Amino acid sequence: MTDHTAALPRASGSVRAARELVAIHGVGLSVRQLDDAGLMASELVTNALRHGRGAITIQITSGLDDVTVEVADEGHGDVAIAPASGASGGWGLRLVDSLADAWGARRGRTRVWFCILLEDRSAQRGGGPGTLRSTSVAYAPSAQPSRALPPFQPAMDTRFTG
């Protein structure tokens, strides 16, 4: 398993940086999956820039079966798919929901993750990309906000098969 964490500045260039980091550290993903993962990472960074606050980090963990990407900022609040999307936004989490094999949010500071199963591993298990599905988790702000990003836990907070 490989793990890479990077701090991103609160600047529009971080969106491109997130795509580049996924391309470098998304070990085992096919070309199509790398494109999808880069798009999803850029959407999560865009959300952190638009709706979050404070420092932004991206963590990319490449395991034997999957690649998990988590984007965090120091904001606190609900993470949910917008009820409607249009020219002004609301597409980011919809894209993540349609492209990721699993995704969700962790409690505490805003931390949204997605997971992509490696194509050869998911085929061995009898499934294909999209076998795992997940929805976002709305959460209440914690009473004691954490300043440090806790150690990454590959176990998903919200995951189901469907």
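Every value quoted in this text rests on a predicted model; they were computed, and no experiment measured them.

Moving on to the pattern of salt bridges. Summed over the entire model, instances satisfying the criterion amount to four salt bridges. In this structure, the salt-bridge partner of Asp-36 is Arg-32, at a minimum N-O distance of 3.2 Å. Within this pair, Asp-36 and its partner Arg-32 are both found in helix H2 (residues 31-51), separated by four residues, close to a single helical turn. In this structure Asp-36 comes out as buried when scored by relative accessible area, which is 16%. Among the salt bridges present, the one from Arg-32 reaches Glu-119, with a minimum N-O distance of 2.5 Å. Of this pair, Arg-32 sits in helix H2 while Glu-119 sits in helix H4 (residues 119-124), and the two are 87 residues apart along the sequence. Given the relative accessible area of 42%, Arg-32 is considered partly exposed. Here Glu-119 falls in the partly exposed class, since its relative accessible area comes to 29%. Counted as one network, the salt bridges with shared partners bring together Arg-32, Asp-36 and Glu-119.

Another aspect to go through is the pairing of strand S3 (residues 66-72). Buried residues dominate S3, accounting for seven of its seven residues. Along S3, one buried face is formed by Asp-66, Thr-68, Glu-70 and Ala-72 and the opposite face, lined by Val-67, Val-69 and Val-71, is buried too. With six bridges connecting them, strand S2 (residues 56-62) and S3 associate as antiparallel partners. Its bridge partner lying in S3, Gln-59 is registered against Glu-70. Taking the residues that link successive antiparallel strands as the turn, the S2-S3 hairpin has three residues.

Right, let's get into the sheet that holds S3. If you walk across this open sheet you meet the five strands as S1-S2-S3-S5-S4, and the pairing is antiparallel. Only two strands of the sheet have a single neighbouring strand rather than two, namely strand S1 (2-8) and strand S4 (102-106). Between one strand axis and the next, the sheet turns through 15° on average, direction left out of account. Running over the sheet, H2 touches S1, S2, S3 and strand S5 (111-117) and is turned about 175° from S5.

Core analysis: the largest hydrophobic core is formed by 28 residues, its most contacted members being Ile-58, Val-69 and Phe-114. Of all the elements in the fold, those that place two or more residues in this core are S1, helix H1 (13-25), H2, S2, S3, helix H3 (92-99), S4 and S5. At six residues, the largest contribution of residues to this core is made by H2. Aside from chain neighbours lying at most four places away, what touches Val-69 is Val-22, Ala-41, Ile-58, Gln-59, Ile-60, Val-112, Trp-113 and Phe-114.

Quick look at the environment of Ser-98 now. Along the chain, Ser-98 falls in helix H3. Considering only alpha carbons, one finds Ser-98 and Met-40, 58 residues apart in sequence, at a separation of 9.9 Å. Of the polar contacts made by the side chain of Ser-98, one reaches the backbone oxygen of Leu-95; its length is 3.0 Å.

Let us now look at H1. Here H1 contains 13 residues, and its C-alpha end-to-end distance of 18 Å stays within 8% of the 18 Å for a straight helix at 1.5 Å per residue. Among the residues making up H1, those that are buried are Ser-14, Ala-18, Leu-21 and Val-22. All buried residues of H1 lie within an arc of 100° about the axis, which places them on one face of the element. Turned more than 90 degrees from where H1 packs its buried face, Arg-16 and Ile-24 sit exposed.

Quick notes on the rules
- Residues numbered from 1 in each chain as written.
- Predicted model: local features only at pLDDT ≥ 70, side-chain atom pairs only at ≥ 80, totals over all residues.
- Heavy atoms only, no water.
- Salt bridge = Lys/Arg side-chain N within 4 Å of Asp/Glu carboxyl O.
- Helix = DSSP H or I, 4+ residues; strand = E, 2+ residues; numbered from the N terminus.
- Buried < 20%, exposed > 50% of the residue type's maximum accessible area, 1.4 Å probe, protein only.
- Pairing = 2+ DSSP bridges.
- Axes fitted to C-alpha atoms, helices over the stretch in contact; angles between N-to-C directions.
- Contact = heavy atoms within 4.5 Å.
- Core = buried A, V, L, I, M, F, W, Y, C linked by side-chain atoms within 4.5 Å.
- Polar contact = N/O pair within 3.5 Å; in protein donor to acceptor, adjacent residues only side chain to side chain.
- Expected span 1.5 Å × (residues − 1).
- Arc of directions from axis to C-beta.

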